[in-house]
Amino acid sequence: QVQLVESGGGLVQAGGSLRLSCAASGRTFTIIAIDWFRQAPGKEREFVARLTWGDSITYNEDLVKGRFTISRDNAKDTVNLQMNSLKPEDTAVYYCAAQVQGGSNTYWGQGTQVTVSS
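As a starting point, this report considers the structure included with it. Values in this document were obtained by computation on a predicted structure and should not be read as measured data.

**Comments concerning the overall build of the chain**
- Along the chain, the regular secondary structure elements total one helix and 11 strands.
- Scaling as 2.2 N^0.38, a compact globule of 118 residues should have a C-alpha radius of gyration of about 13 Å, and the chain matches this with 14 Å.
- The dimensions of the chain, computed from C-alpha atoms along their principal axes, are 45 × 25 × 25 Å.
- Here the chain, with 118 residues, has 40% of them falling under the buried criterion.
- For the chain, restricting intrachain contacts to residue pairs at least 6 apart in sequence, the fraction spanning at least 24 positions comes to 52%.
- Of the accessible surface of the chain, which amounts to about 6200 Å², a share of 46% is contributed by carbon and sulfur atoms.
- Separation of charge centres in the chain, based on 11 positive and 11 negative side chains, amounts to 1 Å.

Written out as structure tokens, the structure reads:
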């Protein structure tokens, strides 16, 4: 099927930047969209951004407020999330998820921790 691995998380100060990557392997030709989600301790999972293979991009504008950019690296089967002007409330585990053709299956990565200090 499809396997996803997130990377790029870490500890940064408020106002700093991180670039997260979601690398896909397996049956990547079946992917039609990659989503980024995040979940903070004690909070519900939040949608962050979506990039479809039809080149449609959707952001959670209340959350992103122009600070994040999602993009695709075709050669590497990788989707990136550039995060700028980070705030402590951005602290969470960030997950990517793949939507695939031919069914309702969703594939998830293991998550990468983002911690933003004051």
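**Overview of the pairing of strand β9 (residues 92-100)**
- Examined bridge by bridge, strand β4 (residues 31-39) and β9 share eight bridges and lie antiparallel to one another. Note on β9: the bridge partner recorded for I31 is V100.
- Sheet topology places β9 next to strand β11 (residues 112-117); three bridges connect them, and they run antiparallel. From the neighbouring strand, Y94 faces β11, where its bridge partner is T112.
- Here β9 pairs with strand β10 (residues 106-108) via three bridges, running antiparallel. Looking across to β10, one finds that A98 is bridged to Y107.

**What to know about the side chain of Q82**
- Counting through the fold element by element, Q82 comes out in strand β8 (residues 78-83).
- For Q82, the side chain forms a polar contact with the side chain of R19, separated by 3.1 Å.
- Here N84 takes part through its side chain, which lies 2.9 Å from a polar atom of the side chain of Q82.
- Contacts of Q82, omitting those with residues within four sequence positions, involve S17, L18, R19, R67, F68 and T69.

**Thoughts on the side chain of T112**
- One can find T112 in strand β11.
- On the basis of relative accessible area, T112 is assigned to the buried category, the value being 9%.
- A distance of 3.1 Å separates a polar atom in the side chain of T112 from the backbone nitrogen of G9.
- With residues up to four places along the chain from it excluded, the contact list for T112 reads E6, S7, G8, G9, L20, A92, V93 and Y94.

**Topic: the packing of aromatic side chains**
- A full pass over the atoms with the stated rule returns two aromatic pairs.
- Ring centres 5.8 Å apart and planes at 70° place the aromatic pair F37 and F47 in the edge-to-face group. Of this pair, F37 sits in strand β4 while F47 sits in strand β5 (residues 46-52), placing them 10 residues apart in sequence.
- By relative accessible area, F47 is classed as partly exposed at 25%.

**Structural notes on the state of the cysteines**
- As enumerated under the stated definition, the model contains one disulfide in all.
- Each disulfide pairs two cysteine sulfurs, and for C22 the partner residue is C96, the sulfurs being separated by 2.1 Å. The sign of the 75° torsion about the S-S bond sets the C22-C96 disulfide as right-handed. A residue pair is termed long-range when its members are at least 10 positions apart, and C22 in strand β3 (residues 18-26) and C96 in strand β9 qualify at 74 residues.
- Of the residues examined, C22 reaches a relative accessible area of 2% and is grouped as buried.

Cut-offs applied
Residues numbered from 1 in each chain as written. Predicted model: local features only at pLDDT ≥ 70, side-chain atom pairs only at ≥ 80, totals over all residues. Heavy atoms only, no water. Helix = DSSP H or I, 4+ residues; strand = E, 2+ residues; numbered from the N terminus. Rg over C-alpha atoms; globule rule 2.2 N^0.38 Å. Buried < 20%, exposed > 50% of the residue type's maximum accessible area, 1.4 Å probe, protein only. Contact = heavy atoms within 4.5 Å. Areas by Shrake-Rupley, 256 points an atom, 1.4 Å probe, with all protein chains shown as cover. Lys, Arg positive; Asp, Glu negative; His and termini not counted. Charge placed at Lys NZ, Arg CZ, Asp CG, Glu CD. Pairing = 2+ DSSP bridges. Polar contact = N/O pair within 3.5 Å; in protein donor to acceptor, adjacent residues only side chain to side chain. Phe/Tyr/Trp six-rings, centres within 6.5 Å; stacked < 30°, edge-to-face > 60°. Disulfide = S-S within 2.5 Å.

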